[in-house]
Amino acid sequence: MTSCKFFWKYLLNHNFLRWMVTKMNDQVIFIKKGEEKSKTERPGKLYRMMVKSDRMEAIISELEPHSESKWYQHDGEELHLVLKGEMEYTVDEKTYKLSEGDLLWHPSTLKHRAKNISDEKTTYITIGTPPTFM
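Attention in this report is confined to the structure presented alongside it. Position labels on residues start from 1 in each chain and follow its written sequence. For this predicted model, a pLDDT threshold of at least 70 governs which residues receive local features, and a threshold of 80 or more governs which side-chain atom pairs are given and counted, while totals over whole chains, interfaces and linings are taken from all residues. Side-chain measures here rest on the full set of heavy atoms in the structure, leaving out hydrogens and waters.

Strands here mean DSSP runs of E at least two residues long; helices mean DSSP runs of H or I at least four residues long; both are numbered from the N terminus. Each helix and strand counted, the protein chain has one helix and eleven strands in total. Scanning the protein chain from its N terminus toward the C terminus, one meets helices and strands in the order α-β-β-β-β-β-β-β-β-β-β-β. Using a 1.4 Å probe on the protein chains alone, a residue whose accessible area is under 20% of its type maximum counts as buried, one over 50% counts as exposed, and one in between counts as partly exposed. Across the 134 residues that make up the protein chain, the buried fraction comes to 35%. Two residues qualify as a contact provided that any one of their heavy atoms is within 4.5 Å of a heavy atom in the partner residue. Restricting to contacts in the protein chain with at least 6 residues of sequence separation, those with at least 24 account for 59%. Surface summary for the protein chain: the accessible area is close to 8000 Å², and the carbon and sulfur share equals 52%. Using a 1.4 Å probe, accessible areas were evaluated by the Shrake-Rupley method; residue-level cover was limited to the displayed protein chains.

We now examine the packing of aromatic side chains. In this scheme Phe, Tyr and Trp rings, the latter by its six-membered ring, pair at centre separations within 6.5 Å, and the angle between planes marks the pair as stacked below 30 degrees, edge-to-face above 60, and tilted otherwise. The tally for this structure, following the rule as stated, stands at zero aromatic pairs. Geometrically, a lysine NZ or arginine CZ counts as sitting over a ring once it is within 6 Å of the ring centre and also within 35 degrees of the ring normal. Directly above the ring of Trp71 sits Lys111, whose terminal nitrogen or CZ lies 5.0 Å from the centroid.

Below, the discussion takes up the layout of surface pockets. Method remark: on a 1 Å grid restricted to protein atoms, a set of points is classed as a cavity if a 1.4 Å probe fits but cannot get out and as a pocket if it is open with protein on both sides within 12 Å along at least five of seven lines; lining residues have an atom within 4 Å of a point. Grid points are joined across faces, edges and corners, and a volume is the space filled by probe spheres set on the points. When its volume is computed, the largest pocket comes out at roughly 280 Å³. Looking at the largest pocket, it is lined by 25 residues, and the ones nearest its centre are Ile59, Tyr72, His74, Glu78 and Phe133. When contributions to the lining of the largest pocket are tallied by element, the ones reaching two or more residues are β5 (57-63), β6 (77-84), β10 (112-116) and β11 (122-129). No other element matches β11, which puts four residues into the lining of the largest pocket. Residue classes follow a fixed rule: Ala, Val, Leu, Ile, Met, Phe, Trp, Tyr, Cys and Pro count as nonpolar, while Asp, Glu, Lys and Arg count as charged, and any other residue, Gly among them, counts as polar. In terms of residue class, the lining of the largest pocket is built from eight nonpolar, ten polar and seven charged.

Two side chains with opposite charge may pair up if their charged atoms get near one another. The term salt bridge refers to a pairing of a side-chain nitrogen on Lys or Arg with a carboxyl oxygen on Asp or Glu at a separation within 4 Å. Taken as a whole, this structure holds seven salt bridges when the rule is applied. For Asp54, the salt bridge is made with Arg55, and the minimal N-O distance between the two is 4.0 Å. Taken individually, Asp54 and Arg55 each receive the classification exposed, so the pair is uniform in this respect. Within this structure, Glu36, Arg48, Glu62, Glu64 and Lys121 form a network of salt bridges that share partners.

A pair of strands is treated as paired once DSSP finds two or more bridges between them. In space, the three strands of this open sheet follow the order β8-β7-β10, with antiparallel pairing throughout. Every other strand in the sheet has two partners, leaving β8 (94-99) and β10 as the edge strands with one partner each. Going from strand to strand, the sheet's axes swing by 20° on average, the running direction of each strand aside. Orientation is described by axes fitted as lines to C-alpha atoms, over the contacting stretch for helices, and by angles from 0 to 180 degrees between their N-to-C directions.

The next subject is the environment of Lys39. Examined against the element boundaries, Lys39 turns out to sit in strand β3 (residues 38-42). Taking the relative accessible area as the measure of exposure, Lys39 reaches 46% and is therefore partly exposed. Sequence separation of Lys39 and Met50 is eleven residues, and the distance between their C-alpha atoms is 8.8 Å.

Here it is, written out as structure tokens:
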């Protein structure tokens, strides 16, 4: 197994990315498992703001089977990492099929949206800069 695959498998299996939330000072943000800064629920979707600073944000999103987000387009950049399940992520006119452990980066100035294409819940984390979502 390559070191990169091992790294992602370790993070996913040990819920490392879910340990991030809201103990904050000027230098450090420390997040305990089970905590969240805020949450937004929409039909078929749950968005949990884990970290928000003046320069970036990290959101864990859950999409119910066959649900999709609205189209977004704004300043900045985004990185998405699928934690569980399968999804399609469309950026501009191109659609990417993502599975657990897959990562996608794109400029947020291109229109984009997420869609769960499976019969199971899909969970993914988005890290965006600057913070524009919630």
